[in-house]
Amino acid sequence: LGISLWLIPPGLSAYNFKQIMDHPKKFGSLYPLSRFEPHITLTTFDTSLSESTCVKRLMEAIPPIGKERVRIDFENIDMGNTLFRSIFLRVKRTPDLTKLMCMTNKALGIRQEPWDFPCQSIFYIPEHRFPEKEWIYERLQETIGSNGDLPVRSESLPFLLDLLVV
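Quick caveat: nothing in here was measured; it's all calculated off a predicted structure.

Undergrad: Can you tell me about helix α3 (residues 95–108), naming the residues and giving the values?
TA: A rise of 1.5 Å per residue sets the reference length of α3, with its 14 residues, at 20 Å; its end C-alpha atoms lie 20 Å apart and thus fit the reference within 8%. Looking at the residues trailing α3, positive phi occurs at Gly 109, about 75°.

Undergrad: So what's going on with the pairing of strand β6 (residues 119–123)? Residues and values would help.
TA: Taking burial as the measure, the 5 residues of β6 include 5 buried ones, the bulk of the element. With 4 bridges connecting them, strand β5 (residues 87–91) and β6 associate as antiparallel partners. Counted as the bridge partner of Ile 87 is Phe 123 from β6.

Undergrad: Tell me about helix α1 (residues 11–21), residues and numbers included.
TA: Taken together, the buried positions of α1 are Ser 13, Ala 14, Phe 17, Lys 18, Ile 20 and Met 21. All buried residues of α1 fall inside an arc of 155° around its axis, so they share one side. What points out from α1, more than 90 degrees from its buried face, is the exposed set Gly 11 and Leu 12.

Undergrad: Quick rundown of the confidence of the model for the protein? Include the residues and the values.
TA: Residues with a pLDDT of 70 or more make up 76% of the protein, whose mean pLDDT is 76. Confidence over residues 152–157 falls short of pLDDT 50; this stretch has 17 contacts with residues more than four positions distant or in other chains.

Undergrad: An account of the pairing of β5 is requested, with residue identities and associated values reported.
TA: Counting buried residues in β5 gives 4 out of 5 residues, a clear majority hidden from the surface. Relative to β5, strand β4 (residues 74–79) runs antiparallel, the two sharing 5 bridges. When the bridges of β5 are listed, Asp 78 appears paired with Phe 88.

Undergrad: Can you break down the side chain of Gln 120 residue by residue, with the values?
TA: Here Gln 120 shows up in strand β6. Reaching out from Gln 120, the side chain makes a polar contact with the backbone nitrogen of His 39 at a distance of 3.0 Å.

Undergrad: Break down the pattern of salt bridges for me, citing the residues and quoting the values.
TA: Per the counting criterion, the structure on display carries 5 salt bridges. Taking the shortest distance from any N to any O, the salt bridge between Asp 22 and Arg 35 comes out at 3.9 Å. In this pair, Asp 22 sits in the loop between α1 and β2 (40–46) while Arg 35 sits in the loop between α1 and β2, placing the two residues 13 residues apart along the sequence. Of the residues examined, Asp 22 reaches a relative accessible area of 16% and is grouped as buried. Across the pair Arg 90 and Asp 78 runs a salt bridge whose closest N-O atoms are separated by 2.5 Å. Of the two residues, Arg 90 is situated in strand β5 and Asp 78 in strand β4; the sequence distance between them amounts to 12 residues. Among the ionic contacts, a cluster of salt bridges with common partners joins Lys 18, Asp 22, Arg 35 and Glu 37.

Reading the values: the criteria
- Residues numbered from 1 in each chain as written.
- Predicted model: local features only at pLDDT ≥ 70, side-chain atom pairs only at ≥ 80, totals over all residues.
- Heavy atoms only, no water.
- Helix = DSSP H or I, 4+ residues; strand = E, 2+ residues; numbered from the N terminus.
- Expected span 1.5 Å × (residues − 1).
- Buried < 20%, exposed > 50% of the residue type's maximum accessible area, 1.4 Å probe, protein only.
- Pairing = 2+ DSSP bridges.
- Arc of directions from axis to C-beta.
- pLDDT = per-residue confidence, 0-100.
- Contact = heavy atoms within 4.5 Å.
- Polar contact = N/O pair within 3.5 Å; in protein donor to acceptor, adjacent residues only side chain to side chain.
- Salt bridge = Lys/Arg side-chain N within 4 Å of Asp/Glu carboxyl O.

Given below as structure tokens:
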């Protein structure tokens, strides 16, 4: 069991992400892919505690963090080695986002930095579909990733803090 704290894009930005995320065939997918809500995972912690205890711990941590809005800027489209980082937008490390991550980890008692800085996943692609993943990645680079023309303009991205049990 894991508990995650997500940054969620506001309405129009979320809609713009979904126009890409919900239509993988436009980018060369041969079969449907998992659907999920646009988000940036701020932190996740695994625990052997009950789900209700985990949620309570996180809910107690949110007031010191505050209901934050943080501007998110993306660097580029990238491809990773895990399902949840199959194809994603790499997030720029900004002082505000770093501060929010540090406050969150401190409130939760997490002492280590995340293994990789947060990202906005675009598609979750299973490992056995690797050739297809490469094709989709190349198509995304050609269509929305060229010259920094990412799917949603960074100026419109004041992400909101939200909670989700994963």
